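So you can see what is in the structure, the chains are spelled out below.
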Amino acid sequence: MKSTIRDIALAPLGQRKIDWVVPRMQVLNMVRKEFEEQLPFAGKKVVICLHLEAKTAYLAHVIRAGGAEVTVVASNPLSTQDDVVAALVQQGIGAHAWYNATEEDFNQHLQLALDTEPDFIIDDGGDLVSTIHTTRPELLQRIKGGAEETTTGVLRLHSMVRDGVLKFPMIAVNDAQCKYLFDNRYGTGQSVWDGIMRTTNLVVAGKTSVIAGYGWCGKGVALRAKGLGARVIICEINPIKANEALMDGFEVMPMAEAAKFGDFFITVTGNTDIINKEHFVLMKSGAIMCNAGHFDVEVNVAQLKAIAVSERIARNNITEYTLAGGQMLYLLAEGRLVNLAAGDGHPAEVMDMTFALQALSLQYVALNYDKLSAKVYQVNTEIDEKVAMLKLQSLGLSIDRLTETQIGYLASWSSEEG
Ligand SMILES: NC(=O)c1ccc[n+]([C@@H]2O[C@H](COP(=O)([O-])OP(=O)(O)OC[C@H]3O[C@@H](n4cnc5c(N)ncnc54)[C@H](O)[C@@H]3O)[C@@H](O)[C@H]2O)c1
């Protein structure tokens, strides 16, 4: 199988990273066993477009265990780990990706992966689906469906449906409870602070963290900031989320006010232009900014560059911008997802649930595509609950079951019955 990677000699290092996560992804191990017996993807080709690190590598192995020929490609140019990709290629999985790919390389890699003519796809953020629809119309008939990983990708799919252009079914894995309650909240919460702390090596306690977006990810980032001893300010546009943040014990204000206070700024809205030049000029010297939303459009880097009098690399993954007033502002990982571009992403135990949902959702598409239409589907409740039960089982935990009396009680409506 053809691959386009940086250096196959890195494979042993990447294999070690994969070996570390496999025993920590017990739900996926159970799914793998089922796949080995049932071969749901026998004779089919799958292209996986995700952040290419160790947990994704294991998902690729699990899909292959289901009988598929698998090719992986990056969903972000800065999150690819070249050693992990090399290990995949050594194990016979196709890969087209390298760390720090230029935009041209990144698009070329997507095209090379699509040259394999997949039957099914997994996407993260919607770039693969959008590339197929805009540049590879000949594949639209062949691709039977796929699954989308993240909030931003699901939003893009919904707009494709609104515009009447989506041509195959996609499952919104992000919207499963076993995804956003754990991955978006606890995964992002932990890994964003891991990325910030390992990149800056600075203390969080006693400092002010400004978090833009109090959705599932923002809640996790705020919760962990509080746990680390920070003062937390939330910026929101949704009055309900703003009230929720307030009752969770955080301060709420617009970015124009918060800009003056922050030591750390974290954007995680899935929107664009969250921190702009009118905010940069208000910031304290030494302020550190980063983004955890899917695309690098939340911190307005173009405006930051335009108002800076100088720019230099202060430390690996940290760019220092000096403004005319003399204050120095720092941007982590060029404003790309800080937990993946400057870290290893979510913990393995969290991705265990997310990727079990991915694998089982793709199996659902493989078994049912003739009954599905070109729409966005929610993950089946049975799949969501199965992943939750397997997770408990893998932890050696069990829960109560409804008795017959309780089932009857919950289903009754009249006072006599009750
Ligand atoms: N870093 C990661 O590993 C990771 C993991 C999961 C999701 N994501 C990405 O993070 C982003 C957020 O995901 P989510 O699941 O939390 O979404 P969400 O929809 O639950 O939350 C987004 C929040 O941002 C708020 N918002 C929108 N525009 C805003 C603005 N201008 N100012 C302030 N707040 C604003 C919304 O009101 C909403 O509450 C998406 O891009 C998603 O794809 C990243």
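This text follows the structure it describes.
Worth saying up front: this structure is predicted, and the values here are computed from it rather than measured. (Residues numbered from 1 in each chain as written. Predicted model: local features only at pLDDT ≥ 70, side-chain atom pairs only at ≥ 80, totals over all residues. Heavy atoms only, no water.)

### Some words on the overall build of the protein chain
Here comes step 1: Looking only at helices and strands, the protein chain has 17 helices and 15 strands in total.
Here comes step 2: In terms of C-alpha radius of gyration, the protein chain reaches 22 Å, essentially the compact-globule figure of 22 Å for 418 residues.
Here comes step 3: A principal-axis box enclosing the C-alpha atoms of the protein chain has dimensions of 70 × 65 × 45 Å.
Here comes step 4: When each of the 418 residues of the protein chain is scored for burial, the buried share is 56%.
Here comes step 5: Nonlocal contacts in the protein chain, meaning residues at least 24 apart in sequence, comprise 71% of its contacts between residues at least 6 apart.
Here comes step 6: For the protein chain, the exposed surface amounts to about 18,300 Å²; the carbon and sulfur share of it is 53%. (Helix = DSSP H or I, 4+ residues; strand = E, 2+ residues; numbered from the N terminus. Rg over C-alpha atoms; globule rule 2.2 N^0.38 Å. Buried < 20%, exposed > 50% of the residue type's maximum accessible area, 1.4 Å probe, protein only. Contact = heavy atoms within 4.5 Å. Areas by Shrake-Rupley, 256 points an atom, 1.4 Å probe, with all protein chains shown as cover.)

### Comments concerning a nonpolar patch on the surface
Here comes step 1: There is a patch of nonpolar side chains on the surface, built from Leu 402, Ile 407, Tyr 409 and Leu 410 and spanning about 450 Å² of accessible area.
Here comes step 2: Looking at where Leu 402 falls in the secondary structure, it is placed in the loop between α16 (381-394) and α17 (404-411). (Patch = residues over 30% accessible without salt bridge, like charges linked within 9 Å, V, L, I, M, F, W, Y side chains within 5 Å. Salt bridge = Lys/Arg side-chain N within 4 Å of Asp/Glu carboxyl O.)

### Quick look at the sheet that holds strand β11 (residues 288-291)
Whether parallel or antiparallel, the strands of a sheet pair through hydrogen bonds between backbone atoms.
Here comes step 1: In space, the eight strands of this open sheet follow the order β9-β8-β7-β10-β11-β14-β13-β12, with mixed pairing throughout. Each of the sheet's edge strands pairs with one partner strand only, and the pair in question is β9 (251-252) and β12 (308-315).
Here comes step 2: Here four bridges tie strand β7 (residues 208-212) to strand β10 (residues 264-267), and the two strands are oriented parallel to one another. By the bridge assignment, Ile 211 is partnered in β10 with Ile 266.
Here comes step 3: Of the strands in this sheet, β7, β8 (231-235) and β10 touch helix α9 (residues 216-227), which is tilted by about 175° from β7. (Pairing = 2+ DSSP bridges. Axes fitted to C-alpha atoms, helices over the stretch in contact; angles between N-to-C directions.)

### Concerning the pattern of salt bridges
Here comes step 1: Throughout the structure, instances matching the rule amount to 20 salt bridges.
Here comes step 2: We note a salt bridge from Asp 82 to Arg 6, for which the minimum N-O separation is 4.0 Å. In this pair, Asp 82 is assigned in helix α4 (residues 82-90) and Arg 6 in the segment before α1 (11-21), connecting sequence segments 76 residues apart.
Here comes step 3: On the accessibility criterion, Arg 6 (47% relative accessible area) is partly exposed.
Here comes step 4: A single salt-bridge network, built from bridges that share partners, covers Asp 115, Arg 136 and Glu 138.

### As for the site of the ligand
Here comes step 1: Near the ligand, the surroundings consist of 27 residues, among which Thr 150, Thr 151, Thr 152, Glu 236 and Asn 339 are the closest.
Here comes step 2: One of the backbone N or O atoms of Trp 216 is found 3.2 Å from an oxygen atom in the ligand.
Here comes step 3: Within the contact set of the ligand, an oxygen atom lies 2.5 Å away from a side-chain nitrogen or oxygen of Glu 236.
Here comes step 4: Summarising the interface, the protein chains cover 86% of the accessible area of the ligand, which totals 860 Å² for the free molecule.
Here comes step 5: Cavity membership is defined here by more than half of the atoms lying within 2 Å of grid points; on that basis the ligand lies in the largest pocket.
Here comes step 6: For the shell around the ligand, the secondary structure elements donating two or more residues are α7 (151-162), α8 (177-200) and α9.
Here comes step 7: Among the elements that take part in the shell around the ligand, α8 stands out by supplying three residues, more than any other.
Here comes step 8: A class-by-class count of the residues in the shell around the ligand yields nine nonpolar, 15 polar and three charged. (Near = heavy atom within 4 Å. Polar contact = N/O pair within 3.5 Å; in protein donor to acceptor, adjacent residues only side chain to side chain. 1 Å grid on protein atoms, 1.4 Å probe; cavity = no way out; pocket = protein on both sides within 12 Å on 5 of 7 lines; lining within 4 Å. Sits in = over half its atoms within 2 Å of the grid points. Nonpolar A, V, L, I, M, F, W, Y, C, P; charged D, E, K, R; others polar.)

### Considerations on helix α5 (residues 103-114)
Here comes step 1: If you check α5, its first and last C-alpha atoms are 17 Å apart, about what twelve residues at 1.5 Å a residue would give, namely 16 Å.
Here comes step 2: Within the sequence span of α5, burial applies to Phe 106, His 109, Leu 110, Leu 112, Ala 113 and Leu 114.
Here comes step 3: Looking at the buried positions of α5, the neighbouring elements they touch are β1 (45-50), β2 (69-74), β3 (94-96) and α6 (127-135). (Expected span 1.5 Å × (residues − 1).)

### Points about the side chain of Asp 263
Here comes step 1: Residue placement: Asp 263 occurs in the loop between α11 (255-258) and β10.
Here comes step 2: Since its relative accessible area comes to 19%, Asp 263 is described here as buried.
Here comes step 3: Here the side chain of Asp 263 touches Thr 208 through a polar contact of 2.8 Å, landing on its backbone nitrogen.
Here comes step 4: Here the side chain of Asp 263 touches Lys 284 through a polar contact of 3.0 Å, side chain to side chain.
Here comes step 5: Those residues within four positions of Asp 263 in sequence are excluded, and the remaining contacts are Lys 207, Thr 208, Lys 284, Gly 286, Ala 287 and Ile 288.

### What about the layout of surface pockets?
Here comes step 1: In this structure, the largest pocket spans a volume of roughly 1,000 Å³.
Here comes step 2: Along the walls of the largest pocket sit 50 residues, with Thr 151, Cys 217, Val 268, Thr 269 and Gly 270 positioned nearest its centre.
Here comes step 3: At the level of elements, α3 (54-65), α7, α8, α9, α14 (338-341) and α15 (348-368) are the ones that each hand at least two residues to the lining of the largest pocket.
Here comes step 4: Per element, the largest residue contribution to the lining of the largest pocket is five residues, and it comes from α8.
Here comes step 5: Looking at the lining of the largest pocket residue by residue, the classes come out as 19 nonpolar, 22 polar and nine charged. (Points joined across faces, edges and corners; volume = space filled by probe spheres on them.)

### Points about the pairing of strand β13 (residues 318-323)
Here comes step 1: Counting buried positions along β13 gives six out of six residues, so the element sits mostly inside the fold.
Here comes step 2: In this sheet, β13 lies alongside β12 in antiparallel orientation, the contact comprising six bridges. By the bridge assignment for β13, Arg 312 is matched with Glu 320.
Here comes step 3: Relative to strand β14 (residues 328-332), β13 is paired through five bridges, and the arrangement is antiparallel. By the bridge assignment for β14, Glu 320 is matched with Tyr 330.
Here comes step 4: Linking β13 back to β14 in an antiparallel pair, the connection comprises four residues, with Gly 326 at a positive phi of about 100°.

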